Amino acid sequence: MDKSIYDFTIPIFARSLGGLKNVLQKASEHGIDESMLLNDRLAPDMYPLARQVQIACDNAKGAAARLSGTEAPKFEDTEKTIAELQARIDKTLAFLSTVTLESFAGASERKITMPYFPNRVFTGFEYVREFSVPNFFFHFVTAYALVRKNGIPISKADYINNPSFKDI
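Residues numbered from 1 in each chain as written. Predicted model: local features only at pLDDT ≥ 70, side-chain atom pairs only at ≥ 80, totals over all residues. Heavy atoms only, no water.

**Student:** If you had to explain the nonpolar core to someone new, which residues and values would you point to?
**Tutor:** Within the largest apolar cluster, 44 residues are counted, with the highest numbers of intra-cluster contacts made by Leu17, Leu49, Val53, Leu67, Phe104, Tyr127 and Val147. Broken down by secondary-structure element, the contributors of at least two residues to this core are helix 1 (2-7), helix 2 (10-29), helix 3 (34-38), helix 4 (49-68), helix 5 (82-96) and helix 6 (124-149). In terms of residues, this core owes the most to one element, helix 4, which gives 10 residues. Sequence-distant contacts of Tyr127, defined by excluding residues within four places in its chain, comprise Gly62, Ala63, Arg66, Leu67, Ile112, Met114, Phe122 and Ser132. (Core = buried A, V, L, I, M, F, W, Y, C linked by side-chain atoms within 4.5 Å. Buried < 20%, exposed > 50% of the residue type's maximum accessible area, 1.4 Å probe, protein only. Helix = DSSP H or I, 4+ residues; strand = E, 2+ residues; numbered from the N terminus. Contact = heavy atoms within 4.5 Å.)

**Student:** So, the packing of helix 2 against helix 5: which residues are in play, and what are the values?
**Tutor:** Two elements in contact, helix 2 and helix 5, have axes whose closest approach is 10 Å; the angle formed by their N-to-C orientations is 165°. By the criterion of interaxial angle, the relationship of helix 2 to helix 5 is roughly antiparallel. When you trace helix 2 past helix 5, the crossing you get is left-handed. Here helix 2 contributes Ile10, Phe13, Ala14, Leu17, Leu20, Lys21, Leu24, Gln25, Ala27 and Ser28 to the contact with helix 5, which in turn contributes Ile82, Leu85, Gln86, Ile89, Asp90, Thr92, Leu93 and Leu96. (Axes fitted to C-alpha atoms, helices over the stretch in contact; angles between N-to-C directions. Parallel < 35°, antiparallel > 145°, perpendicular 65-115°, else oblique. Left-handed = near helix turned anticlockwise from the far one by under 90°.)

**Student:** Break down the layout of surface pockets for me, with residues and values.
**Tutor:** Which parts of space are left empty comes out when a probe the size of a water molecule is rolled across the atoms. If you add up the space inside the largest pocket, you get close to 420 Å³. Lining the largest pocket we find 22 residues, and of these Asp58, Lys61, Gly62, Arg66 and Ala72 sit closest to its centre. Mapped onto the lining of the largest pocket, the elements with two or more residues apiece are helix 4 and helix 6. It is helix 4 that provides the largest number of residues to the lining of the largest pocket, a total of eight residues. Along the lines of polarity and charge, the residues of the lining of the largest pocket split into 10 nonpolar, four polar and eight charged. (1 Å grid on protein atoms, 1.4 Å probe; cavity = no way out; pocket = protein on both sides within 12 Å on 5 of 7 lines; lining within 4 Å. Points joined across faces, edges and corners; volume = space filled by probe spheres on them. Nonpolar A, V, L, I, M, F, W, Y, C, P; charged D, E, K, R; others polar.)

**Student:** Go over the pattern of salt bridges, please, and point to the residues and values.
**Tutor:** Evaluation of the coordinates by the stated rule reveals 10 salt bridges. Close ionic contact of Lys149 with Asp40 constitutes a salt bridge, the shortest N to O distance being 2.7 Å. Residue Lys149 is found in helix 6, and its partner Asp40 is found in the loop between helix 3 and helix 4; the two are separated by 109 residues along the sequence. Take Lys149: its relative accessible area is 47%, and that puts it in the partly exposed class. (Salt bridge = Lys/Arg side-chain N within 4 Å of Asp/Glu carboxyl O.)

**Student:** Mind laying out helix 2, listing which residues take part and the relevant values?
**Tutor:** Helix length check: helix 2, at 20 residues, gives a terminal C-alpha distance of 29 Å against a target of 28 Å (1.5 Å per residue), a fit within 8%. Every buried residue belonging to helix 2 is among Ile10, Phe13, Ser16, Leu17, Gly18, Gly19, Leu20, Val23, Leu24 and Ala27, and all of these are buried. Positive backbone phi, at 85°, marks Gly31, one or two positions downstream of helix 2. (Expected span 1.5 Å × (residues − 1).)

**Student:** Which residues make up the packing of aromatic side chains, and what values go with them?
**Tutor:** In total, this model carries 13 aromatic pairs according to the counting rule given. Considering the side-chain rings of Tyr6 and Phe104, the 5.2 Å spacing of their centres and the 85° angle between planes classify their relative orientation as edge-to-face. Note that Tyr6 is positioned in helix 1 and Phe104 in the loop between helix 5 and strand 1 (111-112), a separation of 98 residues in sequence. Of the two residues examined, Tyr6 and Phe104, each falls in the buried class. On the basis of an interplanar angle of 75° and a centroid distance of 5.7 Å, the ring pair of Tyr144 and Tyr159 is categorised as edge-to-face. With Tyr144 in helix 6 and Tyr159 in helix 7 (residues 156-160), this residue pair connects regions lying 15 residues apart in the sequence. Residue Tyr144 is classed as buried on the basis of its relative accessible area of 15%. Grouping aromatic residues by their ring pairs yields a cluster made of Phe13, Phe136, Phe137, Phe140, Tyr144 and Tyr159. (Phe/Tyr/Trp six-rings, centres within 6.5 Å; stacked < 30°, edge-to-face > 60°.)

If you want it as structure tokens, here you go:
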């Protein structure tokens with residue numbers, strides 16, 4: 001079970017964040033006003049693009065740390081450019097690369113607490129299934145949608161980011 005939890009978090013977060021970095025690169029090459037793009041929202045009460053990227057990174061590193069029983073690095077939320085957001089993704093990917101399958105021993109039953117859910121606990125399995133993965137993809141997809149909404153020519157292939165096809 002712990003291998004499954006690892007396989008459905010760390011590699012998926014890493015691939016997805018790599019795709020998000022590429023989507024941001026396409027946006028930077030498109031000539032759009034970065035400040036306008038990074039502050040755009042899908043709805044007035046939703047976070048802007050920059051915050052969506054920050055939260056996707058925070059969710060990936062937070063899940064990796066909680067499930068492996070390690071400490072997540074802390075990043076300030078000060079990114080104001082696409083390049084700075086890409087650097088945040090790189091720092092997140094660097095942290096994810098340090099999390100091993102072995103560190104996930106007991107992850108499925110590990111008790112996971114969240115600061116914004118006081119007096120509540122998940123098992124690691126419940127946390128992955130019901131919170132971590134859905135929350136990560138909510139912010140990841142919202143970031144993708146904001147870039148696409150602004151006329152950047154990206155596609156589902158950019159979102160999926162090089163699936164592991166095998167020859168038959």
